[in-house]
Each structure stands twice: as structure tokens, then as C-alpha cells.
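Chain by chain, the residues:
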Amino acid sequence: MYIESKKNNSRQLWRFHGGLHLPDNKQRSLQQPLKTASLPDRLVLPLHQHIGEPADPLVQVGDSVLKGQKIADNSAPVSSPVHAPTSGRVVEISSQPIPHPSGLQGPCIIIEPDGKEQWAELPEPITDYHSATADILRSRIREAGIVGMGGATFPSAVKLNPGKPIKTLIINGAECEPYITCDDLLMQSYPERVLDGARILQKLLGAVECLIAVEDNKPAAISTLQDHLEEDDAIEVVSIPTLYPSGGEKQLIRILTGLEVPSSGYPALLGMVCHNVATTAAIAEAVLEGKPLISRIVTLTGEGIAKPCNIETPLGITASNLIAQAAGYTGKVSQLILGGPMMGFDLATDEIPITKGANCLLAVSEAEAPSPGNTLACIRCGRCAEVCPASLLPQQMYWHSRAKDLEKAQDYKLFDCIECGCCSHVCPSHIPLVQYFRYAKTESWAKEQERREAEHAKQRHEFRLARLERLEAERKARLRKKKGALKKKPAAGKSGDASDGKKAAIEAAMLRAAAKKAQQKDQPKNTENLTSTQQAQIVAAEKRRTAQPEAVSNTTGAEKE
Amino acid sequence: MLISILAITGLATIFGLLLGYANVRFHVEGDPITDQIEVLLPQTQCGQCGFAGCRPYAEAIAAGEAEINKCPPGGESGMLALADLLGRDPVPLDAEHAEEKPKVLALIVEEECIGCTLCLQACPVDAILGAAKQMHVVITSECTGCELCLPPCPVDCIVMQPIKQDSTTWRWPFPDHKHPDVVVKARV
């Protein structure tokens, strides 16, 4: 629908510091219409396609999966599920090469498609999103596995929960990096999806205005979007001047509003949220159709690709397969880059799968990307500082990063560097500045992690020392107690008062015994009921005793018997 | 003349009292520099420095009894941090105190463990779990890789394994391009 009022709005725009006018080389991949990739024999789905915790597999080898079925998830707050891009069978869960600058392998689920494209039961479409609550929409977006598709791969649902009132929603269709055209073609091919997504996000965040920013080197995309706007939309399609890196989140906010996102802050602090157009389109599909994120548009370009094009592909297809579908290589490839020429990274192999954040496969020839030549000494010309879109001092950060003085580098706001590559691009000494900053950043994170681990180890060691000390003290206390108890017993006989008392007792007992004895002597016992013969015997015995006193003992012995 | 003498004496008395009071009021137990040094040490408690742990080494450094290059787990960066803190000249890592090694974790070979509990007693961070005649196991999240459990093991069933690198722990390498001679000479 053509609405005059929505077009040619003259909106005041600002300019961010620095930036570069680069030859955009975008026409190359725009010669052909959007293609659809045919299904390969194998789909390799990395479990870690997003920032945050890797997903855990929910399927096992041999399981049959349906298109759109959730095959991996994690309950961590910053995480995202992975879905099967087509129906088929899980043939392997193993480590495979993943698209990562390290060239390392990562855990992947491998699916063998059955070609039936049979859909799993999808969640109910939320067509009336105006009456749906933000929580319902957010959980739908999370369950659909949607992450930032501009390359950052940050889980969108987390970004949509800013915890601050949001005034402005910014949809980022700037696509400022040379060569890449996937967002351009997406806006041209699926404008209603992008706009639906923008309306859903606007409702979800309660944003009063929505700005879709597109660089003015994409007039077709701008007019297509404007043609699809509706009368009651609070959406404005803003054409911004082409300047790299206007697609950077903070730079785009500066262009559109003139506001600066504070150092190490985030846009929500200014009441803004920024989403990529591809992410927005994926959100529209997830909410309005219930479809998870299982495909994306990838740009295949560069002099090394025979027929550069944009191709809509299921996730998990290998780069080599995708390039073969674009008529293969030309034989002039010197470098295969994932992402754009400024911010992308070299791939060691083309046997890596396409993931949610893979926007471009760039096969450049030697002529296109000549080796920068030998690195020379920094001459302090300051050109890097002139072009830095984050208003940093790259040469200062370079000195400190090179000296591995990470704290000083951080003092120069190392972590505000967006690694756009402008400084390296203009450096007359060909110093790979961004490489130094990447090194310094990862090293700083690792140091911080080490520091935390050391603190933890120290705590545990201190606990251990305290425990050992306590055990030793307890052992000593026990020993003391035992020793004390042992000492007490023999000491009782010797010590003053107690021995006197005992002596007295003994004496008393002896006296009693003596008195008893004396009594026994004086009064003969058992003399009642005696016979006369017995009495006579006693008298005789008494006589003998008095006569022979020394024999008494003997006779008494006999008497007793 | 007299006034100035009195004034100076009075001031001296006041400041003397103030200093005396401050000494009592703000008295610090122990040597705060020891704590600062200890924070920079890796806390593996490995004893490779010749002291019975990181704290004793920190105390020795603070007392000026030990050199700052005796900590292999801290490596060159640790030594530089210490040099920075103490204002001493950086010294290359002591050769006899081993070279820098990649971080490792202890692993008990389960088939060979006899459950003697000797390693449990040796572990400075209580990272080994077990009981007499029961198999022991290393809690990997707590292990600092200090290797102190190796010598007491009577059956040599503990192996040190390098930590496997994945995409989450990977770090960008230091750019390895050659600097031209002028720069190198200027640095030397």
C-alpha cells in the first residue's frame, strides 16, 4: 500500500565519530534473485550456535526427528534451543569442525534428511499478538531458538527483557559491511515479515516509535518496506547515509537519535532496543506461524565464487555444499571468510556448517584482498583515532596490548572496541590493530577467570588450614583430658587431706577388728545345747591350754575342725 | 623570639600528639603488602617456590627474603605483576623453578587406585574425594593442578592431564608478525 505520509520524511540524523567510506561491492551478489538451497545428505547442527550456555541434546543417535522439532536445549537463563531443519534421522552426535576463529571442533548433532520435510507439531500461531502478554511472546521467541542473526548470536528473548521502559525500537537493516547483501534481499523479498516482526516487537516492548534503519545504498529495500507500511503503523523507515560501520548498535543509535550509549553500558539505559532485520523476520515467523529458526539467508560472494548470489538455506548445511550450489569456486580463491571482509574471520576449511549467525561466505581472490605487507613501526600518525567509530585511541591501546599490559589497555576502554577493523584498514604501517585488541580482550577475560579461580582456591585452602587447625586443637584437647584423668588417680593417695582421712579410717577399722577379736576371746561361742561329753572335752582343752600356752595355736586349729 | 619558640613547640606538641593518636587509632595488624602480593599469586599452593604455600611465599617476598621469580604457575605475567607492585626490576623466571607449563588437572586412574587416602591428605584445596579402601576421585572444578598429590601416591595412579581447549576457552593468539629491526633495537 502506498502511503504518501510515510514516505520521504525528513528526519534529523546525526553522525558518529570516524567511520569509513568503503567500496561496497554489493552489486556482485545482487545479480541473481534469492535462491533456495536444496537439501544435502547431512545436516550438521552445532549445539553452541549462540552466546551463553551450550544446549544439551534432547535426542539420541538413531532417533527420528521431524522438521522443526526441538533437538537440543538448556535451562540456563542465557541459552537457546536448536531445532531440526528438516525431518530425518539422527545419525551421529559427535565433535565436528564448527565455524569459529579458533578452527576447533565442537559438539554437533548430525541429521540425515529423509526428504519428506514432514513438520513436527508446531505451537499454536499467535495471530492476535496485540492481546498476548509480553511473557507469552518472549517465551515463544525463546522456544523458537531465535538469536541475533546479524552475527552476534545473542539470544533475542533475553535482549527483549531489558527491565527498563523502552521508548524506541530500532530495527537494524543498515548492513554496512561491504559484500554482504542477505539483509537487503530479505527486506526486498519478505518486507511484510520484517514489518510484522517490528510490530510484534513494538507491542512486546511497549515502544512508542519504531525506526527501521537502512543505508541509502539499498534504495530497493527502502521503497519496498515503505510500500508495505500501513496507515496506523508507528513505524518509520529511515534511510541513513552509507558509512561503515553504521550498522554497529551504538553507532546506529547515535545516527538516529544523536544519543551516545555510555561506555560499557547498553542501549536499554537510553530506553532503546536494537534488533537485526533478519532476527525481526524470524520473530514474525515464530509468533505468527509457530515456526522455529531453522533456516536463514546467506550471501555467497567474492571473486572466488563462480555465481555469487543469496541463498535461503536450512541451518546445518556445510559451506562447501552451499558453495557448490552456487556453481562452486572459480579457482582464484585465496581466502575463505565467514562474515564480511572487515569483521569476518578466516575459515581453515569449508567443511563447517552454516549456523544461525552466519550471514556471508566470502571467497576472496588475491587481487581483492592483497596481503597487507610487512608490519612497520607505528609512526603515531593518529589516523586510527580519526576513524575509530567508538572514539577510542587505538594506538594507545596497541602499545599497551603489545606490551601485554592489559590493565592499561583497559584504562583506554579496550572493551568499548567493537572490532570493526577501521583502524587496521587505515593504518599506514599495516599493523593488525584489531588482532591485538582481540588478543587483549580474550586475555583479559582469561585473566579475570584465573583471578576468580585463584580466589576460590585460596578460600578452599584457608578452609582446609582452619579445619586442620581445629582438628589438631581437638586432638590436643582430648589428649590433655586423658592425661589429666590418668594423673588424678595415683595422686589421690599421696595428697595431704585425703591420706589423713584414709589413715584414720584404717585405724578405726583396725580398732573395730581388735575389739571384735577381744570380744570373741572373752565370750566362748556355741556353748549352748552342748552334750556332757562335749563339755568335758572343752574343760580338758582349757586345762591343756592353760598348761601349755605355746601349743594353743595348734589345738585351736584342731578345735575349729 | 619567645613567642615563635612557644609557637613552634606548641605546634610540634600538637602534631606529635596527633601522630601518636593516629598510630594507635589506625594501627594495621600484619603487613598489608603481604595481602597485596598474595592476591597476585595463583593460589595453587603447589610449593614449587620452596615455601609451604602461596601465603608463606608472599610473606617471604614482603620481608625481602625471596626473589619474585620463583612461581612457575604464575608465569612471566605473574612475575611482571609482582615487579610492578613492588617496584622491583623484573627478573627472568628462575630456571630451576621449572618452565611455564600449560594448566593441568589431576585424574585418578580408577582401576589402579587402592584407596589409601594419602592423596587426600596432600591436596591443599580438598579437591580429592574418597575414604579408606574406597576409590578416590578428583573434583575437577576444584583442582588447581599443583601436582602435590603425585609424590604420596604409592601406586602412581594419578596422572596430570592438560585441560582440553574448546571454543569457549580459546583465546586469540598474540599477533605473530615480525617487527622491523628498528623497533626491536629501540626496545632493547
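In case you missed it, the structure is sitting above this.
Residues numbered from 1 in each chain as written. Chains lettered and ligands numbered in written order. Predicted model: local features only at pLDDT ≥ 70, side-chain atom pairs only at ≥ 80, totals over all residues.

A. Structural detail: the overall build of chain A. Across its full length, chain A holds 16 helices and 17 strands. Computed over the C-alpha atoms, the radius of gyration of chain A is 46 Å, more than 25% above the 24 Å expected from 2.2 N^0.38 for a compact globule of 561 residues. Looking at the 561 residues of chain A, the share that counts as buried comes to 41%. The contacts in chain A between residues at least 6 apart in sequence include a share of 73% that link residues at least 24 apart. (Helix = DSSP H or I, 4+ residues; strand = E, 2+ residues; numbered from the N terminus. Rg over C-alpha atoms; globule rule 2.2 N^0.38 Å. Buried ≥ 20, exposed ≤ 12 C-beta atoms within 10 Å, placed from the backbone. Contact = placed C-beta atoms within 7 Å.)

B. Representation of the overall build of chain B within the structure. Scanning chain B from N- to C-terminus turns up 6 helices and 4 strands. Taken from N to C terminus, the helices and strands of chain B fall in the order α-α-α-α-β-α-β-β-β-α. Counting every position in chain B, which comprises 188 residues, the buried fraction comes to 22%. Counted over contacts in chain B with a minimum sequence separation of 6, partners at least 24 positions apart contribute 57%.

C. View of the pairing of strand β8 (residues 105-113) of chain A. Looking at chain direction, strand β2 (residues 43-46) of chain A and β8 of chain A are connected through 4 bridges and run antiparallel. Residue P46 of chain A lies in a different strand from β8 of chain A, and its bridge partner there is C108 of chain A. (Pairing = 2+ DSSP bridges.)

D. Fine view of the interface of chain A and chain B. With 24 residues of chain A in contact, the opposing surface of chain B contributes 25 residues. Split by residue class, the side of chain A that touches chain B holds 10 nonpolar, 8 polar and 6 charged. (Nonpolar A, V, L, I, M, F, W, Y, C, P; charged D, E, K, R; others polar.)

E. Molecular detail of the nonpolar core. Of all hydrophobic cores here, the largest spans 124 residues; its most connected members are L169, I170, I212, A213, V298, L322 and L361 of chain A. Counting residues per element, this core draws most heavily on helix α7 (residues 277-289) of chain A, at 8 residues. Counting residues in hydrophobic clusters, the runner-up holds 13 residues, among them A106, C119, A127 and V138 of chain B. (Core = buried A, V, L, I, M, F, W, Y, C linked by C-beta atoms within 7 Å.)

F. Broad picture of α7 of chain A. Residue and element names in this part refer to chain A. Helix length check: α7, at 13 residues, gives a terminal C-alpha distance of 18 Å against a target of 18 Å (1.5 Å per residue), a fit within 8%. Among the 13 residues of α7, 11 are classified as buried, and the element is accordingly described as predominantly covered. For α7, every residue scored as buried is listed here: V277, A278, T279, T280, A281, A282, I283, A284, E285, A286 and V287. Of the residues one or two after α7, G290 is the one with positive phi, at around 80°. (Expected span 1.5 Å × (residues − 1).)

G. Summary view of unusual backbone geometry. All names here are of chain A. Look at the link from Y244 to P245: it is a cis peptide, with omega at -5°. Positionally, P245 belongs in the loop between β11 (235-240) and α6 (249-257). At N25, a position not held by glycine, the phi torsion is positive, near 50°. By secondary structure assignment, the location of N25 is in the segment before β1 (35-36). Given 21 C-beta atoms within a 10 Å radius, N25 is considered buried. One non-glycine residue with positive phi stands out, namely E419, at about 55°. Inspection of the secondary structure puts E419 in the loop between α11 (406-411) and α12 (422-426).

H. Representation of the sheet that holds strand β4 (residues 64-65) of chain A within the structure. Residue and element names in this part refer to chain A. If you walk across this open sheet you meet the 4 strands as β2-β8-β7-β4, and the pairing is antiparallel. The open sheet terminates on both sides in strands that have one partner only, identified here as β2 and β4. Summarising the sheet, β4 and strand β7 (residues 88-97) pair through 2 bridges and their orientation is antiparallel. Bridge pairing links V65 to G88 in β7.

I. Focus on the sheet that holds strand β5 (residues 70-73) of chain A. Residue and element names in this part refer to chain A. Here we have 3 strands laid out as an open sheet, ordered β3-β5-β6, and antiparallel in their pairing. Single-partner strands in this sheet number two, and they are β3 (56-57) and β6 (82-83). Relative to β6, β5 is paired through 2 bridges, and the arrangement is antiparallel. Residue A72 lies in a different strand from β6, and its bridge partner there is V82.

J. Local environment of the environment of P314 of chain A. Residue and element names in this part refer to chain A. Its location among the elements puts P314 in strand β14 (residues 309-314). Its 23 C-beta neighbours within 10 Å are what place P314 among the buried residues. Taking the C-alpha atoms as reference points, P314 and L39, 275 residues apart in sequence, are found 7.6 Å from one another. The residues contacting P314, other than those within four sequence positions of it, are A37, L39, L43, P85, T86, I294 and S295.

K. Layout of the packing of helix α2 (residues 32-40) of chain B against helix α3 (residues 54-62) of chain B. Residue and element names in this part refer to chain B. Orientation of α2 relative to α3, taken along the N-to-C sense of each, is 125°, at an axis distance of 8 Å. Looking at the two axes, α2 sits oblique to α3. As α2 packs across α3, the resulting crossing turns out to be right-handed. Contacts between α2 and α3 involve I33, T34, I37 and E38 on the former and, on the latter, C54, R55, A58, E59, I61 and A62. Classifying every residue of the contact of α2 with α3 gives 6 nonpolar, 1 polar and 3 charged. (Axes fitted to C-alpha atoms, helices over the stretch in contact; angles between N-to-C directions. Parallel < 35°, antiparallel > 145°, perpendicular 65-115°, else oblique. Left-handed = near helix turned anticlockwise from the far one by under 90°.)

L. Quick look at the packing of helix α3 (residues 182-189) of chain A against α7 of chain A. Residues and elements named next belong to chain A. It is the contact of α3 with α7, at a shortest axis distance of 9 Å, that shows an interaxial angle of 40°. One finds that α3 runs oblique with respect to α7. Handedness of the crossing formed by α3 with α7: left-handed. Between α3 and α7, the residues in contact are D183, L186 and M187 and V277, A278 and A281, respectively.

M. Region of interest: the environment of K250 of chain A. Residue and element names in this part refer to chain A. By the secondary structure assignment, K250 is in helix α6. You can call K250 buried: it has 22 C-beta atoms within 10 Å. Remark: the alpha-carbon pair of K250 and V261, spanning 11 residues in sequence, is separated by 6.0 Å.

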